[in-house]
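What follows is the residue order along each chain.
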Amino acid sequence: MQGGAAGAAIRAPYAARIAASVKAYEPSDREPLKAFQREHFGVGSRQCDERYFEWLYERNPHRRDGAPMLWICMRDGMVVGQQGRLPVVLHARGTELHASWGIDLMVHPDWRLKGVGPALFAEFERSSDILLGLGVSDAAHRTCVRSGWTDLGMLPIYARPLDLDACAAALGGRGRLARLMPGAIVAGSARARAAIGRFRGYSIEPIAAFDRRADDLWIRAAPDNRVLAKRDFVSLRWRFDQIPDRGRYERYYVLRRGEVVGYAVMRPDLWRGCGVTRVVDYLCEERSTDALLALVIDAARRQTAAAVFLEQFGLAHPRNLVALGCFPAGAATRFMVRPHRMHVHARLLTEPSSWLISRSDSDSDLASAAPS
Amino acid sequence: MLEIKEQVRSFVRANFYVPEDLKLSDDASLLEHGIIDSTGVLELVTFLEDRFDITVDDAEMVPQNLDSVESISSFIGRKKG
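Residues numbered from 1 in each chain as written. Chains lettered and ligands numbered in written order. Predicted model: local features only at pLDDT ≥ 70, side-chain atom pairs only at ≥ 80, totals over all residues. Heavy atoms only, no water.

**Brief notes about the overall build of chain B**
A tally of helices and strands in chain B yields four helices and zero strands. In chain B, the succession of helices and strands from N to C terminus is α-α-α-α. A compact globule built from 81 residues would reach a C-alpha radius of gyration of about 12 Å, and chain B, at 12 Å, matches this within 12%. Oriented by its inertia axes, the alpha-carbon framework of chain B measures out at about 35 × 25 × 20 Å. Within the span of chain B, comprising 81 residues, buried residues form 53% of the whole. Of the contacts formed within chain B by residues at least 6 apart in sequence, a portion of 51% connects residues at least 24 apart. Counting 8 positive and 17 negative side-chain charges, chain B places the averaged centre of each group 6 Å from the other. (Helix = DSSP H or I, 4+ residues; strand = E, 2+ residues; numbered from the N terminus. Rg over C-alpha atoms; globule rule 2.2 N^0.38 Å. Buried < 20%, exposed > 50% of the residue type's maximum accessible area, 1.4 Å probe, protein only. Contact = heavy atoms within 4.5 Å. Lys, Arg positive; Asp, Glu negative; His and termini not counted. Charge placed at Lys NZ, Arg CZ, Asp CG, Glu CD.)

Rendered as structure tokens:
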């Protein structure tokens, strides 16, 4: 784009020259892109891992043939910026909508504040009628707002201490823990609720991988939500079973009298030196939410996790969580959306209460380092 | 030069968020005050190229040329001179 038309490019307005430097990634760009990624994400990053690259950009089941997944900005034969997208199918009031998460934006430091980021982002914005952003930084937030995105707020984090001594030590004393924990935690015993769940016939079982039973669950559970990303078997298999570091995740089905009524995906993590469990995703019919959450918390307790953390946005689940002794523990992940202004579901999609979003949506829960 | 400064100042005030209590003096940093970001820089350069009939080169896209009303005006003066 710069080569043969160099004379004309010099006379072109700056913005047009930068826009002309942006192109959809092609396999022949792999080597210069790898050099850029090694320098700016780090040699050990997931962006530099071929398995991750293939999984994220080539094997996504919601990718549509021919549609770009990654854009790069080339200047003087070098990659100076990149912008990726993660296609997703949304279920919105019984309709399937194609959308894209914006991911992996990076600009060479020498090219920041020179329009490369906006030019890459403009290509992403043209890629889909519904654009989504999770973990939007403060710097990107302002740009998005000016570009017509709607800020739907931050994903609240809920914490459920399981080992009070360990949590108190991590926080610097029991007084601090007591101030954070509401009285409800005393009344809401996950273990007791799990017992009630089992009395009703609920149980939880670890699974090695998702299977076709997830499709039946999806058909039954999706209508209980107004807008959420598709979580059928194919989607879950790609996200949690085919991911290069699939060993990070523990998968569970929740059953009621032998039938799958929910799933949960958890990930062991460290928090202030304590072993904790993060619930990165779950789905169930609304009537089974209490039992699922109680069983999940109980499963974490049996693994001797000091606490359970859950980061999720949507619906009535906070009420269920508080009843189980969880308390709000801040928020760190911003969620933004931009449907095309004429989109038939624009109002639904820009209403925060419409959404069910968990940490595993988009790339927020992907490891920063490549799997060993 | 005074006219260039006023045109630049008017453009900035009309197109970017400038806090009411900020006087936007000639040497106030547009970046440090959060008035322009990466997208804003692009809009600013497009305005300068259109209004003053200049072409901004890659190497000229530096804060020394674009970070304040004063530096922008001087930059335009040099390009036009």
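**Some remarks on the interface of chain B and chain A**
Size of an interface: often given as the accessible area lost when the parts come together. Chain B puts 21 residues into the contact, and the matching count from chain A is 17 residues. When the buried area of chain B at its contact with chain A is split by residue, Leu42, Asp58 and Met61 of chain B rank highest and sum to 34% of it. Summed over the shared surface of chain B and chain A, the number is four salt bridges. Note that Arg146 of chain A is salt-bridged to Glu43 of chain B, the shortest N-O span being 2.8 Å. At the boundary of chain B and chain A, one finds nine residue pairs in polar contact (both at pLDDT 80 or more). By residue number, the principal contributor to the side of chain B that touches chain A is helix α2 (residues 38-52) of chain B, which donates nine residues. Across the side of chain B that touches chain A, the residue classes break down as nine nonpolar, seven polar and five charged. (Buried area = accessible area lost by both parts, 1.4 Å probe. Salt bridge = Lys/Arg side-chain N within 4 Å of Asp/Glu carboxyl O. Polar contact = N/O pair within 3.5 Å; in protein donor to acceptor, adjacent residues only side chain to side chain. Nonpolar A, V, L, I, M, F, W, Y, C, P; charged D, E, K, R; others polar.)

**With respect to the environment of Gln242 of chain A**
All names here are of chain A. By secondary structure assignment, the location of Gln242 is in the loop between α12 (233-241) and β9 (250-256). Residue classification places Gln242 among the partly exposed positions, given a relative accessible area of 26%. On a C-alpha basis, the gap between Gln242 and Asn60 in space is 10.0 Å, while along the polypeptide they are 182 residues apart.

**Description of the environment of Pro156 of chain A**
Residue and element names in this part refer to chain A. Secondary-structure assignment places Pro156 in strand β6 (residues 150-161). On a C-alpha basis, the gap between Pro156 and Leu324 in space is 16 Å, while along the polypeptide they are 168 residues apart. Beyond its immediate sequence surroundings of up to four residues, Pro156 is in contact with Leu310, Glu311, Gln312, Phe313, Gly330 and Ala331.

**Considerations on the packing of aromatic side chains**
Given two aromatic rings, their pairing is described by the distance between the two centres and the angle made by the two planes. Residues and elements named next belong to chain A. What the rule picks out here adds up to 18 aromatic pairs over all chains. Consider the rings of Phe210 and Tyr263, whose centres lie 5.2 Å apart with planes at 85°: the pair is edge-to-face. Remark: Tyr263 occurs in strand β10 (residues 259-271) and Phe210 occurs in the loop between β7 (202-207) and α11 (213-221); sequence separation between them is 53 residues. As far as burial versus exposure is concerned, Phe210 and Tyr263 are alike and both buried. A connected cluster of aromatic rings, assembled from ring pairs, spans Phe210, Phe240, Tyr249, Tyr253 and Tyr263. The lysine or arginine in question, Arg30, covers the ring of Phe53, its NZ or CZ lying 3.8 Å from the ring centre. Its guanidinium or amino end placed over the ring of Phe309, Arg278 lies 4.9 Å from that ring's centre, counting from NZ or CZ. (Phe/Tyr/Trp six-rings, centres within 6.5 Å; stacked < 30°, edge-to-face > 60°. Lys NZ or Arg CZ within 6 Å of the ring centre and 35° of its normal.)

**Focus on the nonpolar core**
In terms of nonpolar packing, the biggest core is built from 60 residues, with Leu90, Trp101, Leu132, Phe210, Phe335 and Trp355 of chain A touching the most fellow members. In this structure, Phe210 of chain A is in contact with Phe233, Leu236, Phe240, Asp241, Arg251, Tyr253, Tyr263 and Val265 of chain A, ignoring residues within four places of it in sequence. One finds Val107 and Ala119 of chain A together with Val8 and Ile54 of chain B within the second-largest nonpolar core, a separate group that totals 44 residues. (Core = buried A, V, L, I, M, F, W, Y, C linked by side-chain atoms within 4.5 Å.)

**Things to note about the side chain of Ser360 of chain A**
Residue and element names in this part refer to chain A. Looking at the element boundaries, Ser360 is found in the segment after β14 (355-358). We classify Ser360 as buried; its relative accessible area is 6%. In this structure, Ser360 is in contact with Arg239, Phe240, Val280, Asp281 and Asp365, ignoring residues within four places of it in sequence.

**A word on the pattern of salt bridges**
One pass over the structure, following the stated rule, counts 41 salt bridges over all chains. The salt bridge involving Arg338 of chain A is made with Glu125 of chain A; its shortest N-O contact spans 3.4 Å. Pair noted here: Arg338 of chain A is in strand β13 (residues 327-339) and Glu125 of chain A is in helix α5 (residues 116-125), with a separation of 213 residues, a long-range link. Accessibility expressed as a relative area gives 14% for Glu125 of chain A, which makes it buried. Its salt-bridge partner being Asp26 of chain B, residue Lys5 of chain B comes within 3.1 Å of it at the nearest N-O pair. In this pair, Lys5 of chain B sits in helix α1 (residues 2-15) while Asp26 of chain B sits in the loop between α1 and α2, placing the two residues 21 residues apart along the sequence. The class for Asp26 of chain B is partly exposed, based on a relative accessible area of 25%.

**Some words on the confidence of the model for chain A**
In low-pLDDT segments, the atomic positions of the prediction should not be examined closely. In this model, chain A carries an average pLDDT of 90, and 91% of its residues clear a pLDDT of 70 or more. Per-residue pLDDT stays below 50 along residues 1-9 of chain A; that stretch engages in nine contacts with residues further than four places along the chain or on separate chains. (pLDDT = per-residue confidence, 0-100.)

**Thoughts on unusual backbone geometry**
Residues and elements named next belong to chain A. In this structure, Arg93 is a non-glycine residue whose phi angle is positive, near 50°. Its location among the elements puts Arg93 in the loop between β3 (78-92) and β4 (95-107). With a phi close to 50°, Arg257 is a non-glycine residue in the positive phi region.

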